[in-house]
Amino acid sequence: MCGIAGLIHRGKTSNVGGEMTSMLQSLKHRGPDSTGFAVYGSGNPGDYVMRLKVAEQEDMGKGSGVRDLIEARIAEVDKRLASHDAQVKSQSRVTPYALRYVLGHSGDTEAMAKHIEEVEGVEILSLGNALELIKDLGDATVVSGQYALGDFAGTHAIGHTRMATESDVDIRSAHPYWAFPYNDVSVVHNGQITNYWIMRRQMERKGHRFMSNCDSELLAVYTAHNLANGVSLEDSLRQSIDEIDGVFTYLVATSDQLGMAKDTMAAKPLVLYESDELIAMASEEVAIRSILPQEIDTTDPYDEEVRVWQA
Amino acid sequence: MASVSDAELKTMSQEERARALGMMTEQLTSRSMFIEFKPGEEARFGYPWAPDVDFNKRTEIDADAMTTTEVNAKIRGLMREGFGTIVVKNPRGKHSLGVGILSRLNLIFEGSLGYFGTGLIDGPNVRINGRVGWSCAENMMSGTVVVEKNAGSTFGAAIRGGDLVCKGSVGSRTGIDMKGGTIIVGGDTGALSGFMMQRGRMVVCGNAGKNLGDSMYDGTIFIGGSIRSLGVDAVEAELTDLDRKWLTRKLTQYGLMPDKGVDHFTKVVAGKQLWNYDNLEPSEKKLIL
């Protein structure tokens, strides 16, 4: 089933970490397997924030050797960062298997990201100036607490509660997906993509990498491919309705935009609230109500509807 | 009211229970299957556990800190105390509020409901001063539900009777599989509205999305605005004087009568060209299959 949510404040920052936690906790019943957040802060110009995992949560129970392996992987990541002249301004170990780096880097970030991901067991969850992508097993409160998201200030965010139907219960298959290697682009999705393998092979032939077997990752790769080829976010969303088969509603966030697309059958839900200050959307209204307790007017976007909002 | 106690009902098979409750006259008539009360048995028009309520006896519930189960249990408890008008404040988009109410009641929600609001009801008059999520009044048997704002998809799925009204716009698949009753929408409706509709009437004052009335068996759809496309076997039909009178009466009743009247409405019915339209009764089909 899965639950998705998004919010964007117009022209101001807010506690989007806390707000998204509240929204996703309201959608826990739609997806108890994992929870993910893509939150967009103001960031420092020229700095990159890199979130990465060096193991899966379930690996931690596989004996003491895992910790040595993790340390070795982190050392290798640091070595490769140095080889790309990346300046590590800070590094924090958020969980035993997840790290957050703030980097100064002026070179080819795609080449650097690819080099780092060649380290076995290492996956970059996000790399960007504004985006911080967090995902883990557990409900929103647990993940938010674990990663200290409760007071994250930013302009917008998207999030996901996952009920695993197409692939494993692990961080790799959890949403959101970063649109590798496109900085600051993330995707959450509710639905099933029925031409996944055809589209995946097309994307792989064009040189894109997939880290999981989750059909939702295709939307991130597809979006990244379009954006890299000069297609606007809105056009990419519209194009996807014709090119991607299945039932889906998905949200895409960039450094300053939030977009949504609904498939031709409108089979997956989305409730939308719009005001001059805030746009909020979720699979169920109860999620919007969790941050807007006052009486509000909401609508259901129709089939093939595409919308993009600016922060 | 009833000749059968709850304890006795619990020991019965499903068929025995249906007969004991008066829902015994399962008839196959033409192409539709009815389950109906026997008109001669006045005492059977209510359910044995349905409380006698007084509409003038009014109370309020604040649902803010309550779970769905607690709110629904509270409504039932108040009905047993004879309250006939119940106002639920702060529903805050909770799912499945006001479901399964099988007797007369004035139920007012001051705010919006989530999914499956007021589903499986048979008799109450419900007013929702807000919006509703997916599948509002699903499987409604009788009564009225009036939504003051917008509604989500599958509005009135499989309803069998009663009036279901949304003064705003609704999502997709409105009235999917509806088997009777009336759905009225003040605004627009999305794709596949009236999909596999079997009986009843649907009125949409605004526009309809694609595939309207797809695979409908029977029933009538009236659209006041544009129709993006008709579904398989849905065809336009002539608006009759009877249709005009009925539309005028119903839309006036709910304050949705357009200034320009009802002559502009497009009537859509089943073309009945699909394979299932032949002259065989269901029982006859069973014999030959």
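What counts, and where the lines are drawn
- Residues numbered from 1 in each chain as written.
- Chains lettered and ligands numbered in written order.
- Predicted model: local features only at pLDDT ≥ 70, side-chain atom pairs only at ≥ 80, totals over all residues.
- Contact = placed C-beta atoms within 7 Å.
- Helix = DSSP H or I, 4+ residues; strand = E, 2+ residues; numbered from the N terminus.
- Nonpolar A, V, L, I, M, F, W, Y, C, P; charged D, E, K, R; others polar.
- Pairing = 2+ DSSP bridges.
- Axes fitted to C-alpha atoms, helices over the stretch in contact; angles between N-to-C directions.

Bringing the interface of chain A and chain B into the picture now. Between chain A and chain B, the residue contacts involve 16 residues of the former and 22 residues of the latter. The leading source of residues in the side of chain A that touches chain B is helix α8 (residues 285-289) of chain A, at three residues. Considering only residue class, the side of chain A that touches chain B consists of seven nonpolar, two polar and seven charged.

Residues and elements named next belong to chain B. The pairing of strand β11 (residues 220-223) with strand β13 (residues 266-270) spans four bridges and is antiparallel. Residue pairing for β13: T220 is matched across the bridge by V269. Alignment of strand β12 (residues 234-237) against β13, held across four bridges, turns out to be antiparallel. Bridged to A234 within β13 is A270.

Moving on: the sheet that holds β12 of chain B. All names here are of chain B. Pairing is mixed across the open sheet formed by 11 strands, whose spatial order is β3-β4-β5-β6-β7-β8-β9-β10-β11-β13-β12. Two strands bound the open sheet, and with one partner strand each, they are β3 (54-62) and β12. Strand-to-strand, the axes of this sheet are offset by a mean angle of 15 degrees, without reference to chain direction. Inspection of the sheet shows strand β6 (residues 122-128) paired to strand β7 (residues 142-147) by five bridges, in the parallel sense. Pairing of R127 across the sheet is with V146, part of β7. Lying over the sheet, helix α3 (residues 68-80) contacts β3 and β4 (83-89), oriented at roughly 155 degrees with respect to β4. Its contacts with the sheet put helix α4 (residues 241-253) on β9 (179-185), β10 (199-204), β11 and β13, and the angle it makes with β10 is roughly 65 degrees.

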